[in-house]
Amino acid sequence: MSDVAASAAATSNRPAGHGRVVVRGLTKSFGETRVLKGVDLDIAAGQFITVLGPSGCGKTTLMRIIAGLERQDAGSVEIDGRAVDALRPDERDIAMVFQSYALYPHLNVADNLALPLRMRRLRWRQRLPAVGRLDPAARRTEREIQARVREVASQLQIEPLLARKPAQLSGGQKQRVAVGRAMVREPRVFLMDEPLSNLDAELRVHMRAEIAQLHRRIGVTFIYVTHDQAEAMTMSDRVVVMMQGRPLQFASPGEVYADPADLQIARFVGSPRINTLEARVDAAGTLAVGTLAVASVRGVAPDTSVTLALRPSHTPVSREMTSPGLAASVVHRENLGSDLFLHCALEGQQTTMIVREDPARVERFPIGACVRIGLPVEALLLFDASGARLRPTLASARTGGHTDAAVV
């Protein structure tokens, strides 16, 4: 599949183009292992972009190259139309928040926040305590730095923590300090590398909301790396789905979920997992799963094997064995209170499908119950043998009415 390049209108309050990141043809290998295979991206200023993918897909390497912590083998990185490949990390006007927080344990919160500004705005002699107290310019700059520290601490609601050392902070408090240390510099771009992975589940949910609200307040470009689809789907303006060193899709979270461009994306995004079935378009143009005729197809060559995919929330189930569909039996139930998920083993196959049902109907589907699983034409997603998305026109095998299979 060709690399994906996309852009969108800026949402930032800053001048147009402030914080736009363009990546062209990035490649990177470590020894014989190709980690990035020609990445092209155009990230609009002020957007919250999440780079989503499994471990080893190249997302952190992409982040480190944008930050200047790693050199690419080929390709270029531009920020606001300026090539930054030859610039050091501290010259790129980028702030990075790491998974490990990277706070200095011997400094209190106020000094951790102030350190980036002191390093940038004070000469090394002025940073010496004795010289700094005697130098009027250094004292004036230090007052400005302290004012900026208090401003950021107020925004993040960590003012009561300014005198504490990192060892005296909770995980969520450390995360806020790490974000604050990036904020004080007022960078063009924030890079966040799995910043919530060390937090417990409840705190991750809370911090997701905090980071998204922070982005809306300050309007700076955020590029956020994660393997957690919940973070990507709930925080982002757009999502870059990375697989095997390439971005397979760059779109809104809703589009990535409902209209995946590749079977790998369909399987990776969504919980519970998407249902997949091996199907075939026969010589007469009929899409069939085993002996079940599902639909007639226009736009796919006859005698073609395809993969049919269907989200659990779009998969109907019935106890009426005369209903059209696949014969199955309930082998497991997950009652989550708000949702009931039935795991159904298809008759005569080793395939298990997951169906979402109303928890109020749990007693209708005991373990071992025989059911019929429907395959509604309007909800089907089709993929070819390579995993690329097919977008044929389908006609219901029962009604003959045509529908666009891409619409879900």
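As a starting point, this report considers the structure included with it. (Residues numbered from 1 in each chain as written. Predicted model: local features only at pLDDT ≥ 70, side-chain atom pairs only at ≥ 80, totals over all residues. Heavy atoms only, no water.)

**Here's the deal with the overall build of the chain**
Phase 1: Summing up its helical and strand segments, the chain has nine helices and 23 strands in all.
Phase 2: In terms of its C-alpha atoms, the chain occupies a principal-axis envelope of roughly 90 × 45 × 40 Å.
Phase 3: Burial analysis of the chain (408 residues in total) assigns 52% to the buried set.
Phase 4: Across the chain, every contact between residues at least 6 apart in sequence was considered, and the portion connecting residues at least 24 apart equals 67%.
Phase 5: Of the side chains in the chain, 51 bear a positive and 43 a negative charge, and the two mean positions are spaced by 7 Å. (Helix = DSSP H or I, 4+ residues; strand = E, 2+ residues; numbered from the N terminus. Buried < 20%, exposed > 50% of the residue type's maximum accessible area, 1.4 Å probe, protein only. Contact = heavy atoms within 4.5 Å. Lys, Arg positive; Asp, Glu negative; His and termini not counted. Charge placed at Lys NZ, Arg CZ, Asp CG, Glu CD.)

**Side note on unusual backbone geometry**
Phase 1: A cis geometry characterises the amide bond from Ser271 onward to Pro272, with omega recorded as 0 degrees.
Phase 2: On the secondary structure map, Pro272 appears in the loop between helix 9 (263-268) and strand 11 (275-281).
Phase 3: In this model, Glu186 sits at a positive phi of 50 degrees, which is unusual for a non-glycine residue.
Phase 4: With a relative accessible area of 49%, Glu186 lands in the partly exposed category.
Phase 5: Of note in this structure, Glu194 is not a glycine but carries a positive phi near 45 degrees.
Phase 6: Examined against the element boundaries, Glu194 turns out to sit in the loop between strand 7 (189-193) and helix 6 (201-218).
Phase 7: Overall, the relative accessible area of 13% leaves Glu194 in the buried class.

**Concerning the pattern of salt bridges**
Phase 1: The tally for this structure, following the rule as stated, stands at 16 salt bridges.
Phase 2: A salt bridge links Arg176 to Glu210, with the shortest nitrogen-to-oxygen separation between them at 2.8 Å. Of the two residues, Arg176 is situated in helix 5 (residues 171-183) and Glu210 in helix 6; the sequence distance between them amounts to 34 residues. Of the two residues, Arg176 and Glu210, neither departs from the other in class, the shared state being buried. (Salt bridge = Lys/Arg side-chain N within 4 Å of Asp/Glu carboxyl O.)

**Describing the environment of Thr286**
Phase 1: Looking at the element boundaries, Thr286 is found in strand 12 (residues 286-289).
Phase 2: When the C-alpha atoms of Thr286 and Lys174 are compared, they prove to be 58 Å apart, with 112 residues separating the residues in sequence.
Phase 3: Once residues within four sequence positions are removed from consideration, Thr286 is found in contact with Arg280, Val281, Ala293, Ala295 and Ser296.

**Brief notes about helix 2 (residues 109-121)**
Phase 1: Over its 13 residues, helix 2 extends 19 Å from the first C-alpha to the last, a length consistent with the 18 Å expected when each residue adds 1.5 Å.
Phase 2: At Leu115, helix 2 is deflected by roughly 40 degrees, the largest bend along its length, and proline Pro116 occurs up to four residues later in sequence.
Phase 3: Of all the positions in helix 2, only Val109, Ala110, Asn112, Leu113, Ala114, Pro116, Leu117 and Arg118 are classed as buried.
Phase 4: Turning to helix 2, the residues buried within the fold contact helix 4 (136-156) and helix 5.
Phase 5: Where helix 2 begins, the capping side chain belongs to Asn108, and its oxygen is found 3.2 Å from the backbone nitrogen of Ala110. (Expected span 1.5 Å × (residues − 1). Bend = angle between axes of the 7 residues up to and from the residue. Polar contact = N/O pair within 3.5 Å; in protein donor to acceptor, adjacent residues only side chain to side chain.)

**Brief notes about the side chain of Thr226**
Phase 1: Locating Thr226 in the fold gives a position in strand 8 (residues 221-226).
Phase 2: Beyond its immediate stretch of four places on either side in the chain, Thr226 contacts Thr50, Val51, Leu52, Gly53, Lys59, Glu194, Glu231 and Ala232.

**Examining the pairing of strand 2 (residues 33-43)**
Phase 1: Judged from the eight bridges that link them, strand 1 (residues 21-30) and strand 2 form a sheet pairing that is antiparallel. Note that in strand 2 the partner of Phe30 across the bridge is Thr33.
Phase 2: In textbook terms, the turn of a hairpin is the stretch between consecutive antiparallel strands, and for strand 1 and strand 2 this stretch comprises two residues, one of which, Gly31, has a positive phi near 65 degrees. (Pairing = 2+ DSSP bridges.)

**Here we look at the nonpolar core**
One broad trend across soluble globular proteins is that nonpolar side chains are buried collectively.
Phase 1: By size, the foremost hydrophobic cluster in this structure holds 39 residues, and its most contacted members are Phe190 and Phe222.
Phase 2: Those elements that provide at least two residues to this core are strand 6 (94-97), helix 2, helix 4, helix 5, strand 7, helix 6 and strand 8.
Phase 3: A per-element tally of this core places helix 4 first, with six residues.
Phase 4: Here Phe190 is in contact with Ala95, Val179, Ala182, Met183, Ile218, Val220, Thr221, Phe222 and Ile223, once residues within four sequence places are set aside.
Phase 5: Ranked by size, the runner-up nonpolar core spans 34 residues in total, among them Ala279, Val330, Val377 and Ala379. (Core = buried A, V, L, I, M, F, W, Y, C linked by side-chain atoms within 4.5 Å.)

**Digging into the packing of aromatic side chains**
Phase 1: According to the stated counting rule, one finds three aromatic pairs in the structure shown.
Phase 2: Taken together, the aromatic side chains of Phe48, Phe190, Phe222 and Tyr224 make up a single cluster linked through ring pairs.
Phase 3: If you follow Arg238 out to its NZ or CZ, it ends over the ring of Phe250, 4.5 Å from the centre.
Phase 4: Positioned over the ring face of Tyr257 is Arg311, at 4.2 Å from the centre of the ring. (Phe/Tyr/Trp six-rings, centres within 6.5 Å; stacked < 30°, edge-to-face > 60°. Lys NZ or Arg CZ within 6 Å of the ring centre and 35° of its normal.)

**Considering the packing of helix 2 against helix 5**
Phase 1: Between helix 2 and helix 5, the least distance of the axes is 7 Å, while the angle of their chain directions is 30 degrees. With respect to helix 5, the element helix 2 is oriented roughly parallel. The way helix 2 lies across helix 5 gives a crossing that is right-handed. Of the residues in helix 5, those in contact with Val109, Asn112, Leu113 and Pro116 of helix 2 are Val177, Gly180 and Arg181.
Phase 2: When grouped by side-chain class, the residues that make up the contact of helix 2 with helix 5 number four nonpolar, two polar and one charged. (Axes fitted to C-alpha atoms, helices over the stretch in contact; angles between N-to-C directions. Parallel < 35°, antiparallel > 145°, perpendicular 65-115°, else oblique. Left-handed = near helix turned anticlockwise from the far one by under 90°. Nonpolar A, V, L, I, M, F, W, Y, C, P; charged D, E, K, R; others polar.)

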